[in-house]
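Here is how the chains run, residue by residue.
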Amino acid sequence: MAVLQSLADLGQTTASAAATETQPTIHERKVDEFGRAYATGKRKDAVARVWIKPGRGEITVNERPVEAYFARPVLRMLIQQPLEVANRTDQFDIVVSVAGGGLSGQAGAVRHGLAKALTHYEPELRSPLKREGFLTRDPRVVERKKYGRKKARRSFQFSKR
């Protein structure tokens, strides 16, 4: 760090600092020794740990096929969205460990984790996945119950008698 002698020196250092900050950040590939990319996805109370590796497109959730774990087609469609945006539908084998929350929250957590794992495996997929909003963690969670109330905001029924 240089010692500033005048206001002109300050102007020069801020201009050079602004020039170095404008470079885009380069994301690098993060793959383990087995050729897998790992990411964690979250939604509501659910947490999903997702591993992807090149394969035939098999998805395993908690050691069960995805059709057995997520029986509703809407939830399976939700999980497939990042792969469809990236045009990689049958190119990766996906292993997921998910816990907490309900099935809808778990499917959202798997989608978030899968999108993050895809960006770790292929960093150039970051911009299309980011554009679709798959890399953003949905911050909405259930509001806590307050004392003196039936639920978070619902009061007990009022009776004048």
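Nothing here was measured: the structure is a model prediction, and the numbers come from that model.

So, the side chain of glutamate 122
Among the secondary structure elements, glutamate 122 is positioned in the loop between helix H4 (103-121) and helix H5 (126-132). Taking the relative accessible area as the measure of exposure, glutamate 122 reaches 13% and is therefore buried. A distance of 2.7 Å separates the side chain of glutamate 122 from the side chain of arginine 88, its partner in a polar contact. The contact partners of glutamate 122, leaving out residues within four places of it in the chain, are Arg88 and Phe92.

Re the environment of glycine 108
Along the polypeptide, glycine 108 turns up in helix H4. Classification of glycine 108 by relative accessible area gives buried; the value is 11%. Residues glycine 108 and phenylalanine 134, 26 residues apart in the sequence, show an inter-C-alpha distance of 9.5 Å. With residues up to four places along the chain from it excluded, the contact list for glycine 108 reads Arg43 and Leu78.

Digging into unusual backbone geometry
Here the phi dihedral of asparagine 62 falls at roughly 50°; this positive angle occurs in a residue that is not glycine. Tracing the backbone shows asparagine 62 in the loop between strand S3 (59-61) and strand S4 (64-65).

A closer look at the nonpolar core
Counting 31 residues, the largest nonpolar core has Ile52, Phe70, Ile94 and Leu118 as its most contacted members. The set of elements that each furnish at least two residues to this core consists of strand S1 (37-43), strand S2 (46-54), S3, helix H2 (66-69), helix H3 (73-85), strand S5 (92-99) and H4. Of all the elements, H4 adds the most residues to this core, at 8 residues.

Regarding the pairing of S1
Of the two faces of S1, the one lined by Ala37, Ala39, Gly41 and Arg43 is fully buried and the one lined by Tyr38, Thr40 and Lys42 carries no buried residue. Where S1 lies against S2, 7 bridges are found, and the strand directions are antiparallel. In the sheet register, tyrosine 38 faces S2, and the bridge partner there is tryptophan 51. The hairpin turn running from S1 into S2, its antiparallel successor, is 2 residues long, and lysine 44 in that turn takes a positive phi close to 55°.

Criteria and cut-off values
- Residues numbered from 1 in each chain as written.
- Predicted model: local features only at pLDDT ≥ 70, side-chain atom pairs only at ≥ 80, totals over all residues.
- Heavy atoms only, no water.
- Helix = DSSP H or I, 4+ residues; strand = E, 2+ residues; numbered from the N terminus.
- Buried < 20%, exposed > 50% of the residue type's maximum accessible area, 1.4 Å probe, protein only.
- Polar contact = N/O pair within 3.5 Å; in protein donor to acceptor, adjacent residues only side chain to side chain.
- Contact = heavy atoms within 4.5 Å.
- Core = buried A, V, L, I, M, F, W, Y, C linked by side-chain atoms within 4.5 Å.
- Pairing = 2+ DSSP bridges.

Read these as spatial facts, not as claims about activity.
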